[in-house]
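Chain residues, written in single-letter form:
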Amino acid sequence: MAGSNNLTHARRMVQQLKVEASIERIKVSKASADLMRYCGENAKYDPLLMGIPASENPFKDRKPCTIL
Amino acid sequence: MAMRQTPLTCSGHTRPVVDLAFSGITPYGYFLISACKDGKPMLRQGDTGDWIGTFLGHKGAVWGATLNKEATKAATAAADFTAKVWDAVTGDEVLTLAHKHIVKSVNFTQDSNFLLTGGNDKVLRIYDLSKPEADPQEIAGHTSAIKKALWCNNDQQILSAADDKTIRLWDKNTQEAVHTLSFDASVTSMEYIPDGEILVITYGRTIAFYNAHSLDLIKTVDAPASIHSASLHPEKDFFVAGGDDFKLYKYDYTTKEEMESYKGHFGPIHTVRFSPDGELYASGSEDGTLRLWQTAVGKTYGLWKCVLPEELSSENSEVLYCPPAEIKA
């Protein structure tokens, strides 16, 4: 029935809006400051920034292997 | 010895930003509203640029937006032939005022009781917000689309700029034009400074300052490029202007000298306004962003903090600005 379809749709919308309304929000300036601080503090643990020591790199170029 | 400054870039709009307005200074600070062609005007905290909310309801590009002094009400003018009044605290639409054509400009009186609108139907309308169903008072006279309409001289007179290349000063009660200024080119923007009764007008590459009572010319200044908008500092020390070359120019009002210019926007600047305390100015551009710039580069204010370079060598005597790690909410 088209009637109950609309009702279900509306109920789902309300549920979705309730979820969205309860999301914790902070100001953009605070969020961007937090992000910058996180990146600054954790930069030293990031292999993409700091590089991977050659001894631990499984993908480094190896000398050709010859099988006797 | 120009110091580099990092503007606060406010993103969120998806189309060009065509108008912006500040509220007065309220106990909660001051606020900024931006009008955008995406139809969704946004309210932001004035000193940090933090997004507070978006007014949803218009069905077309929003050409004009304004806040009342206390930042409790907002008004917007749109291409959907309506002007809307909003509750700026809750974001609810309070009133929709139907017009016969695109509405370009909205302005509250000081007591927020009356709203002035002007647009492409060439008629100025005054709405009594305490009697919204009543017909507005209409003032006709312009021969083409009105770009900007402002209350002035203690809300007793109205200034309007139109595409007919005139600016007219009207008496609110007699509804007659008291003065008319004619130009060779279309006026691109108009700002009224109540304290000092100065009118700031831009056209072509010129920024002109007039006495708001007599419409006598005070002075004109020419810029390197076509200017779309200019704003005078509350203390009348400087004015800023922006236009087609994407740059923001800052001039000394007394000497008319260009002091600084700033690059940052990726498109022509459509609107620029000083904050009510004069500590920063905001610019809105074709690139869809608003940028907040410091007036006194070097001062700790809002999100700005003075950062000196690590080594003070003779060449590197700049002072860098960046938002600090700690922000007090």
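The text that follows walks through the structure, step by step, so that each part is easy to find. If you're wondering where the values come from, they're calculated on a predicted model, not measured in any experiment.

**Points about the overall build of chain B**
So, step 1. Counting its regular elements, chain B contains zero helices and 30 strands.
So, step 2. Expected size for 329 residues packed as a compact globule is a radius of gyration near 20 Å; at 19 Å, chain B falls within 12% of this value.
So, step 3. Projected onto its principal axes, the C-alpha positions of chain B cover 65 × 40 × 30 Å.
So, step 4. Classification of the 329 residues of chain B by burial places 58% in the buried group.
So, step 5. Excluding contacts between residues fewer than 6 apart, the proportion of contacts in chain B whose partners are at least 24 apart in sequence is 41%.
So, step 6. Accessible surface computed for chain B: about 14,000 Å², of which carbon and sulfur atoms make up 50%.
So, step 7. With 31 positive and 43 negative side-chain charges, chain B shows a spacing of 4 Å between the two charge centroids.

**Section: the pairing of strand 9 (residues 93-98) of chain B**
Residue and element names in this part refer to chain B.
So, step 1. Pairing analysis gives five bridges linking strand 8 (residues 82-87) to strand 9, with the strands arranged antiparallel. Pairing of alanine 83 across the sheet is with leucine 97, part of strand 9.
So, step 2. Taking the residues that link successive antiparallel strands as the turn, the strand 8-strand 9 hairpin has five residues, and the phi of glycine 91 there is positive, at about 90°.

**Observations concerning the sheet that holds strand 21 (residues 217-222) of chain B**
Residues and elements named next belong to chain B.
So, step 1. Strand order in the open sheet formed by four strands is 18-19-20-21, and the pairing between neighbours is antiparallel. The open sheet has two free edges, formed respectively by strand 18 (187-193) and strand 21, since each of these has just one partner strand. Ignoring which end each strand starts from, the neighbouring axes of this sheet average 15° apart.
So, step 2. With six bridges joining them, strand 19 (residues 198-203) and strand 20 (residues 206-211) adopt antiparallel strand pairing. Looking at the pairing, valine 200 lines up with phenylalanine 209 of strand 20.

**Let's talk about the packing of aromatic side chains**
All names here are of chain B.
So, step 1. In the structure shown here, the tally under the stated rule is eleven aromatic pairs over all chains.
So, step 2. Taken together, a centroid distance of 4.9 Å and an interplanar angle of 50° make the contact between phenylalanine 183 and tyrosine 203 tilted. Pair noted here: phenylalanine 183 is in the loop between strand 17 (177-182) and strand 18 and tyrosine 203 is in strand 19, with a separation of 20 residues, a long-range link. Across the pair, tyrosine 203 and phenylalanine 183 agree in class, each one buried.
So, step 3. Measuring from centroid to centroid gives 4.8 Å for phenylalanine 209 and tyrosine 253, while their planes differ by 70°, and the two rings are edge-to-face. One end of the pair, phenylalanine 209, is in strand 20; the other, tyrosine 253, is in the loop between strand 24 (248-252) and strand 25 (258-262), with 44 residues separating them in the sequence. Across the pair, exposure class does not vary: phenylalanine 209 and tyrosine 253 are buried alike.
So, step 4. Aromatic rings pair up to connect Phe209, Phe239, Tyr249, Tyr251 and Tyr253 into one cluster.
So, step 5. Over the ring of tryptophan 63 we find lysine 104; its NZ or CZ atom is 4.9 Å from the centre of that ring.

**Overview of unusual backbone geometry**
Residue and element names in this part refer to chain B.
So, step 1. The phi dihedral of glutamine 175 is positive, around 60°, even though this residue is not glycine.
So, step 2. Here glutamine 175 shows up in the loop between strand 16 (166-171) and strand 17.
So, step 3. Positive phi outside glycine occurs at leucine 215, with the angle close to 60°.
So, step 4. Counting through the fold element by element, leucine 215 comes out in the loop between strand 20 and strand 21.

So, how was this worked out
The residue numbering used here restarts from 1 in each chain and proceeds along that chain's sequence as written. All chains are assigned letters beginning at A, and all ligands numbers beginning at 1, according to the order in which they are written. Local features in this predicted model are restricted to residues whose pLDDT is 70 or higher, and side-chain atom pairs enter the listing and the counts only when it is 80 or higher, whereas totals over whole chains, interfaces and linings include all residues. Excluded from the side-chain calculations are hydrogens and water; all other atoms, namely the structure's heavy atoms, are used. Strands are runs of DSSP state E lasting at least two residues, helices are runs of H or I lasting at least four, and both sets are numbered from the N terminus onward. Between the two quantities, the radius of gyration covers C-alpha atoms and the globule rule is 2.2 Å times the number of residues to the power 0.38. Each residue gets one of three labels from its accessible area relative to the maximum for its type: buried under 20%, exposed over 50%, partly exposed in between, using a 1.4 Å probe on protein chains only. Every residue pair with non-hydrogen atoms within 4.5 Å of one another is taken to be in contact. Each accessible area value is a Shrake-Rupley result obtained with a 1.4 Å probe; residue values ignore everything except the protein chains displayed when judging cover. Charge convention: Lys and Arg are scored as positive, Asp and Glu as negative, and His as well as the terminal groups of each chain are ignored. For this purpose, a charge sits on NZ of Lys, CZ of Arg, CG of Asp or CD of Glu. Should DSSP find at least two bridges between two strands, the strands are taken to pair. For helices, the axis comes from a line fit to the C-alpha atoms of the stretch in contact; other axes are also lines fit to C-alpha atoms, and the angle between any two N-to-C directions lies between 0 and 180 degrees. The pairing test for Phe, Tyr and Trp rings, Trp by its six-membered ring, is centres within 6.5 Å, and the orientation test on the planes gives stacked under 30 degrees, edge-to-face over 60, and tilted for anything in between. Two conditions define a charge sitting above a ring: the NZ of Lys or the CZ of Arg must be within 6 Å of the ring centre, and it must be within 35 degrees of the ring normal.

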